[in-house]
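Chain by chain, the residues:
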Amino acid sequence: MRFTSAVLCFGFCAGVLFTAAAPVLAGPTKFVPSVAVREEYRDNVLFSYTNEKDDFITLLKGGLALEHRGETTTANLSGRLNQSWYQDNDALDGLNKYVSGDIQSRVSERLTLGSSASWKNEELRGDDAEGSGFVLTGDKESINAGVNGSLMVSEISQISTSVSYGTTDLEDTDELEETEFISANLQFSKNLSEYFDRTTGLLSLSYQQYSSENQNPAGTTFQDYDTDIWQLTVGFSRQITELYSYSIQAGLGYSDTEETQTIRSGAASATTVYDDDSFNGVLSASLDYAGETTDASLTVSHDVRGGTGTSGATERSSVGLGLTRRLTEHLSLTLDTSWYWNRNERNTATDTDEMTVNISPGFQWNMGYDFMLRGGYRYTWIDDREGSTSK
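Each chain carries its own residue numbering, running from 1 in the written order of its sequence. Totals for whole chains, interfaces and linings use all residues, but because this is a predicted model, local features are given only for residues with pLDDT of at least 70 and pairs of side-chain atoms are given and counted only at 80 or more. Side-chain numbers come from the whole structure's heavy atoms, not from hydrogens or water.

### Quick notes on the environment of E178
Filter applied, for reference: Secondary structure is summarised from DSSP: a helix means a run of H or I of at least four residues, a strand means a run of E of at least two, and numbering begins at the N terminus for each. Only heavy atoms matter for contacts: two residues are in contact if any of them lie within 4.5 Å across the pair.
Within the secondary structure, E178 sits in strand β9 (residues 176–191). What E178 contacts, discounting residues up to four positions off in sequence, is T168, D169, S211, S212 and E213.

And the structure:
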């Protein structure tokens, strides 16, 4: 069975956003408080296929940030609270909490090291919180941490590496999903301007390991997914002119997924295990334009990756287009569009075959004295080709 759904909203994603932020301290270290108020209207607050409810939503955001910009070290530490109030559906009122920090240090002229960490506790109401094309509803808590480094091997070549780890818990009325991931990336880049004008060659190797545990509210069905993903890409980036630049990387990926399903009935239980592997193409490309009054960016990607609400990993294709037009020194118009196609085949659960389209025009007015006014509209359309109504 096929389902389609649409979301219309006004505020930051729709309506009006009024923001104020001002640094308190001068010099290399700044303490920046911020506050924002947003009024929003949604015609489908839970992004439901069968139970559409519209509502007006008021959001109040407050945050604190500590920023340091030294000669060899930069560091950021920030926290933010987002409180939402629904006019007619007050049971959906929620408080989202965010904390994050990062540090980058130039150890020597050739070596730079860094680390980052974040914690989020969100009450999602039909939101694409991860930019994956999956609209999520439920209580979500995530922790992420990572380290990175880059080494200038020579004047024209560099090696960069990063390792990250994270966990996510998502609880809604249908199931509880616990996800864990480990990611490692290694990239070699070299300036090829000796052979091709303003061109940099790129070679990347990455490994991701995703583990997902799902269970139904009754605690009778348990599903575990473990996926190992290897990807190797080669490509280049080039500055065509002062206005245009592009990059492209393409290669091959390999994924191995183990599915385990356990069904309990009283004291008895039955477990089934499946193991599947596959090869797939990998593509990442972008085209950018940076003009005097107009900025534009087009991105295209295809790979296999994990994500909350995906029961492990999915094969994902995406296209994104962003436009910014500066009408005056303070007033800009924006347009952001994206298309996602997520697919996976499961032996122990319903397959995923879902397309998502987002269209979001808006404006931004910098009022001066660290005040900003934003407005916009967002339309979201989802086509669930497998007929799943779990979202």
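There is more to say, and it comes next.
### Some thoughts on a nonpolar patch on the surface
Under the convention used in this document: Two joining distances apply to patches: 9 Å for like charges and 5 Å for nonpolar side chains (Val, Leu, Ile, Met, Phe, Trp, Tyr), and every residue must have over 30% relative accessible area and no salt bridge. Computed by Shrake-Rupley with a 1.4 Å probe, the accessible areas treat only the displayed protein chains as cover when residues are assessed. Definition used for salt bridges: Asp or Glu carboxyl oxygen within 4 Å of a side-chain nitrogen of Lys or Arg.
Where nonpolar side chains cluster on the molecular surface, the patch consists of F236, I240, L243, Y244, I248, L283, L287, L298, V300, V319, L321 and L323 and spans about 840 Å² of accessible area. For the nonpolar patch, the elements supplying multiple residues, two or more each, are β12 (244–265), β13 (268–290), β14 (294–306) and β15 (313–326). The element contributing the most residues to the nonpolar patch is β15, with 3 residues. Note on placement: L298 falls in strand β14.

### Thoughts on the pairing of β15
Residues in a regular strand point their side chains to alternate faces of the sheet. The condition is simple: At least two DSSP bridges between two strands are required for those strands to pair.
Pairing of β14 with β15 involves 13 bridges; the strand directions are antiparallel. Bridge assignment links V304 to a residue of β15, and that residue is E315. When β15 meets strand β16 (residues 331–344), the two strands line up antiparallel, connected through 12 bridges. Along β16, the bridge assignment pairs L321 with T337. The hairpin formed by β15 and β16 contains 4 residues between the paired strands.

### Thoughts on unusual backbone geometry
In the Ramachandran plot, R198 falls in the positive-phi region, its phi being about 50° despite a non-glycine side chain. Structurally, R198 is set in the loop between β9 and β10 (199–215).

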